[in-house]
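Here is what each chain is made of, one letter per residue.
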Amino acid sequence: MELVRNVTALLIFPGGLFLLLAGLMYQWADRKLIAQLQNRLGPRWFQPIADAIKLLANEEIVPDGVNRLLFVGLPVAALAGALTAALYVPLFGFQPAFSFTGDLIVTLYLLSLLTLCTGLAGANTRDRFSLIGAVRALTQLFAYEAPFMLALLGPAIVAGSWQISEIITTTHGSWIVLTQPIGFLVALIGLMGKLEMPPFDSPEAETEIVAGALTEYSGRGLALFKLGRAVELVIGLTLITAFYLGGVGQGALEPAFFTLKSILVLGLLALMQSLMTRLRIDQTVGLWWRFGAILVLMQWLVLIVVKMVS
Amino acid sequence: MLKDVLRSFFRKPITEKYPFEKRVTPERTRGMLHWNPEACTGCGLCAKDCPADAIEVITLDRKAKQFVLRYHVDRCTFCSQCVQSCRFNCLQMSNQEWELAATSKEAFTVTYGKDEDVDKFLEKIGRPNAAPAAS
Amino acid sequence: MPTITKAAQAEKFVVPIGPQHPALKEPGHFEFTVDGEVVTAASVRLGYAHRGIEKGAESRNWTQNQYLLERVCGICSHIHATAYCLGVEQLAEVEAPPRAQAIRVLLAELERVHSHLLWLGVAAHEAGFDTLFMYTWRDRETVMDLLEQISGNRVNYSVNTLGGVKFDITDPIAVDILEGLAFLEERTHHYLEVIENDLMFARRTRGIGIMPRAQAERLGVLGPTARASGVARDVRVDAPYAAYPDYPVNIILDNACDLEARFIVRVKELFEAYRISREILATLPEGDLVAKRMPRRIKPAETIMRVEAPRGELLYFIKSNGSESPERLHVRTPTICNMASVLTLTVGHNLADVPMILVGIDPCFSCNDRGVIVRSEQAAGDLWTWERLRQHGIDYYRR
């Protein structure tokens, strides 16, 4: 019975297939919200799903001069990493499928696996655009990773544990965004950096380097990378909502309430995306290492002082 | 910028949901060409001045003023020079017929003229069931 | 997996932009030699949109050529047709009536509005600011609708005819134009504020692509690109044509010489265009639309006509030989003069700034194309026939 429950959680619900579909729906919601802010209609609800199906059916062209095993294997590794990270987060308000001490750090590293795979995939080809895109993707990884991680560890300090299921149960009911607003902001903007959303979409700047690290990908490989991005969106939103916006409880209505909160966070992301211009890669790094790191360290100072005093 | 963006959130999108919603075309829109054979003298200035060779004036009988106009819609650039060149106001461009896509090439060659003239012409070139006469 | 070893670092790393690239709306081939992210050398190759229009004009009559030349460029079609008609009228020694000249100028200014709004959107898109792109193109629909109301078409208005114009501005149309201009003026104030005050946008435009005045004069740049470097060059002021002597233009200059200055000059030119349009509508002279006597054959002569297109000075050389077709027609568009400045300016900048600098000159590749002679080491510089070119293509892909 336990085995059946685990396999279902892994492959069908709330992980696996349901997660992929939900990721694509979240992407649609993001595009629709941005379109509304730009005073236009936006795509219909099945657009990302149709795109994914079409890409999976397309022929995959392996360019000359690449390491074939890496070329075909990296997209699979990226999606696998994203789907594994989903096991430890409270997807859609349900308790995490698995949990162990320190799984917060493991989840964050699994999320970075996607960016690493993108960078490797870009470096694997002989195409100039992919090489430049890969360099930018990895540079951006070094820029936002530290502040983002520190911002997510803020609530962990309050809860006194590094296990996600414990953190969300301890913080249930208390909205940490009110006591750690700076951390919330850094986490939100860090998520934009991780997902390569404007203004941090320099690694895939369409008007400069075509499609960045993924320029040479087509068909199945591209579909798997895009699905990995979609899953990453859901996981990122879930983490921020669970940590900062009141944890996860046990009630029957909890999933609906949680999903609503995560859509609110998505709305904030859409607003910030439509307000800002793309930053150059050197400006991104400068911004993160100057403002991002300082802000989050200030937040931590406040936290530590409060904890020592109380 | 922020105010603008937030205001857009509450406004209806400006996208026109064509073909379910169609706006009224302005009066001077240059759509498909129409020819009135009544006043035509067969001078052929319209054909001569057309930059795309879209008009052919075919003379069946000059003295009896029997002319047929062949109009190639697929070559036309809708510049309205023919309307300008004609001194007798025989030509005008419709402002309603501008959705001119078709699935076969035949629809793009239109023969204008009086019914009897067009029939005589089509018989002469041996295609009695060709494009219908229009006026 | 290619590694960038020390030996390979001495090798040049060339990034090709074009002829198919999301940054270019039209084809052109740029090669930027980069060192990391910094550009060290640049070169350009044009000729992808060459259609042989100058040659084609020699086999069409004077009336047909208007429409051929309108299609040199889609964005500045009216000004090409105006330059041609003014030139031919000069050759035939015919004067278009004042009402026609005023309507020509009104449409030229409305076209300038449409062109600058289009450019603002495209420049915002290149910077990654898609929201501004969507807003400017939404507002551009207003002026496109006005142009459709006046002429019947949104692009390629075909308002000119040899000796005058075809369509009149009636009172209802004038009322609509004034309403549209009021709306656009309010929006343009907002865009000027965004360009000047938005911090992130300023980081992409301030201090980028600095071209000091001396360098601008040496490179021979034209239009708003030159005016943003303090060079006071505007054909409407230096050599007024059509109705411009009656409606003088205030030249817009900026001394900052960088990319932001080019943005500001173009937006301020929008205000100037609104002012001139309103003035024309208020004082439109009465009279005919077309000159009475326009010959079909024009006696032998040659003339040069210079006009101010939205991108700079446009020059036409027309030579007639007494027949119904021109002997020779030469079009020199502003983009081909501004293109060389891109190559000089991008050296030393980041790769991310290159599309911005390119869009700063408002490139119009379809305007500037010429036949290109490509000399290779293998073949002598001979001319190929169409058959030989076709066979070359077949053989190349069979290899």
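The structure presented is a predicted model; accordingly, all values stated were derived computationally and were not measured.

Section: the overall build of chain C
Consideration 1: Along its length, chain C carries 15 helices and eight strands.
Consideration 2: In terms of overall dimensions, chain C has a C-alpha envelope of 75 × 55 × 40 Å along the principal axes.
Consideration 3: Taken over 399 residues, chain C has a buried fraction of 48%.
Consideration 4: Sequence-distant contacts in chain C: of pairs separated by 6 or more residues, those separated by 24 or more amount to 68%.

What about the overall build of chain A?
Consideration 1: Broken down by element type, chain A carries 13 helices and zero strands.
Consideration 2: Helices and strands appear in chain A in the N-to-C order α-α-α-α-α-α-α-α-α-α-α-α-α.
Consideration 3: A compact globule built from 310 residues should have a C-alpha radius of gyration of about 19 Å, and chain A, at 19 Å, falls within 12% of that.
Consideration 4: Expressed along its principal axes, the backbone C-alpha trace of chain A runs to roughly 60 × 50 × 40 Å.
Consideration 5: Out of the 310 residues belonging to chain A, those deemed buried represent 50%.
Consideration 6: For chain A, restricting intrachain contacts to residue pairs at least 6 apart in sequence, the fraction spanning at least 24 positions comes to 80%.

Quick notes on the environment of L74 of chain A
Residues and elements named next belong to chain A.
Consideration 1: The topology assignment puts L74 in helix α4 (residues 68-85).
Consideration 2: For L74 and I189, which are 115 residues apart along the polypeptide, the C-alpha to C-alpha distance reads 27 Å.
Consideration 3: Here L74 is in contact with C117, L120 and A121, once residues within four sequence places are set aside.

Let's talk about the interface of chain A and chain B
Consideration 1: The partner chain B presents nine residues to the eight residues of chain A that form the contact.
Consideration 2: Those elements that provide at least two residues to the side of chain A that touches chain B are α2 (16-37) and α12 (254-275) of chain A.
Consideration 3: The class makeup of the residues in the side of chain A that touches chain B is three nonpolar, four polar and one charged.

Looking at the sheet that holds strand β2 (residues 29-35) of chain C
Pairing between the strands of a sheet is mediated by backbone hydrogen bonds and can be parallel or antiparallel.
Residues and elements named next belong to chain C.
Consideration 1: Spatial ordering of the open sheet is given by β1-β2-β3, a layout of three strands whose pairing is antiparallel. The sheet terminates laterally at β1 (13-17) and β3 (38-45), the two strands that pair on one side only. Here the strands of the sheet are splayed against their neighbours by 25° on average, with no regard to which way each runs.
Consideration 2: In terms of strand pairing, β1 meets β2 through five bridges, oriented antiparallel. By the bridge assignment, I17 is partnered in β2 with F30.
Consideration 3: Contacts between helix α13 (residues 334-346) and the sheet are confined to β2 and β3, with β3 contributing the most and set at about 160° to the helix.

Regarding the confidence of the model for chain C
Residue and element names in this part refer to chain C.
Consideration 1: With 93% of its residues at a pLDDT of at least 70, chain C reaches an overall mean of 89.
Consideration 2: By mean pLDDT, the top-scoring element of chain C is helix α12 (residues 259-282) (95), and the lowest-scoring one is helix α1 (residues 6-9) (46).
Consideration 3: Note on residues 1-10: pLDDT under 50 across the span, and five contacts to partners over four residues away in sequence or across chains.
Consideration 4: Across the whole predicted complex the pTM is 0.90, and at the interface the ipTM reaches 0.90.

So, unusual backbone geometry
Peptide bonds are, in most cases, trans, and in most cases residues other than glycine have a negative phi.
Consideration 1: Omega for the peptide link from P198 of chain A to P199 of chain A comes to 5°, which places this bond in the cis form.
Consideration 2: Checked against the element boundaries, P199 of chain A lands in the loop between α9 (181-194) and α10 (206-209).
Consideration 3: At the junction of Y18 of chain B and P19 of chain B, the peptide bond is cis and its omega measures out at 5° in the coordinates.
Consideration 4: Structurally, the position occupied by P19 of chain B is in the loop between α1 (2-9) and β1 (33-35).
Consideration 5: Although it is not a glycine, F92 of chain A sits at a positive phi angle of roughly 55°.
Consideration 6: Judged by the 19 C-beta atoms lying within 10 Å of it, F92 of chain A is partly exposed.
Consideration 7: Although it is not a glycine, N89 of chain B adopts a positive phi angle of roughly 55°.
Consideration 8: As for its placement among the helices and strands, N89 of chain B is situated in the loop between α3 (81-85) and β4 (91-93).
Consideration 9: What makes N89 of chain B exposed here is the crowd of 10 C-beta atoms within 10 Å.

Focus: the interface of chain C and chain A
Many authors give the size of an interface as the accessible area that is lost as the parts come together.
Consideration 1: The interface of chain C with chain A comprises 25 residues on the first partner and 28 residues on the second.
Consideration 2: The class makeup of the residues in the side of chain C that touches chain A is 14 nonpolar, five polar and six charged.

Quick look at the pairing of β3 of chain C
Residues and elements named next belong to chain C.
Consideration 1: Note that β2 and β3 share seven bridges and pair antiparallel. Across the sheet, F32 pairs through a bridge with A42, a residue of β3.
Consideration 2: Hairpin connection from β2 to β3: two residues lie between these consecutive antiparallel strands, with G36 at a positive phi of about 80°.

Considering the confidence of the model for chain A
Consideration 1: Summarising the model, chain A shows a mean pLDDT of 89, and 100% of its residues fall at 70 or more.
Consideration 2: Ranking the helices and strands of chain A by mean pLDDT puts helix α3 (residues 47-57) of chain A first, with 94, and α10 of chain A last, with 76.

Concerning helix α6 (residues 130-151) of chain C
Consideration 1: In a regular helix each residue adds 1.5 Å, so 22 residues correspond to 32 Å; α6 of chain C covers 31 Å between its end C-alpha atoms and thus fits that length.
Consideration 2: A positive phi of about 105° marks G152 of chain C, the residue just after α6 of chain C.

Let's talk about the environment of D258 of chain C
All names here are of chain C.
Consideration 1: With respect to the helices and strands, the residue D258 is situated in the loop between α11 (235-238) and α12.
Consideration 2: Take D258: there are 19 C-beta atoms within 10 Å of it, and that puts it in the partly exposed class.
Consideration 3: D258 sits 51 residues away from A309 along the chain, and the two C-alpha atoms are 22 Å apart.
Consideration 4: Aside from chain neighbours lying at most four places away, what touches D258 is R206, G207, I208, G209 and I210.

Looking at the sheet that holds strand β8 (residues 326-332) of chain C
All names here are of chain C.
Consideration 1: In spatial order, the strands read β6-β7-β8; together these three strands make up an open sheet with antiparallel pairing. The open sheet has two edge strands with one neighbour each: β6 (301-309) and β8. Across the sheet, the mean angle from the axis of one strand to that of its neighbour is 15°, orientation sign disregarded.
Consideration 2: In this fold α13 packs onto β6 and β7 (312-320), with an angle of close to 135° to the strand it touches most, β7.

Examining the packing of α4 of chain A against helix α11 (residues 219-244) of chain A
Residues and elements named next belong to chain A.
Consideration 1: With their axes 9 Å apart at the nearest point, α4 and α11 run at an angle of 20° to one another. It follows that α4 is roughly parallel to α11 by the angle criterion. Of the two elements, α4 crosses α11, and the hand of that crossing is left-handed. Contacts from V72, P75, V76, A78, L79, A82, L83 and A85 of α4 reach α11 at G221, L224, F225, L227, G228, V231, E232 and I235.
Consideration 2: Its residues placed into classes, the contact of α4 with α11 shows 13 nonpolar, two polar and one charged.

Cut-off values and rules
- Residues numbered from 1 in each chain as written.
- Chains lettered and ligands numbered in written order.
- Predicted model: local features only at pLDDT ≥ 70, side-chain atom pairs only at ≥ 80, totals over all residues.
- Helix = DSSP H or I, 4+ residues; strand = E, 2+ residues; numbered from the N terminus.
- Buried ≥ 20, exposed ≤ 12 C-beta atoms within 10 Å, placed from the backbone.
- Contact = placed C-beta atoms within 7 Å.
- Rg over C-alpha atoms; globule rule 2.2 N^0.38 Å.
- Nonpolar A, V, L, I, M, F, W, Y, C, P; charged D, E, K, R; others polar.
- Pairing = 2+ DSSP bridges.
- Axes fitted to C-alpha atoms, helices over the stretch in contact; angles between N-to-C directions.
- pLDDT = per-residue confidence, 0-100.
- Expected span 1.5 Å × (residues − 1).
- Parallel < 35°, antiparallel > 145°, perpendicular 65-115°, else oblique.
- Left-handed = near helix turned anticlockwise from the far one by under 90°.

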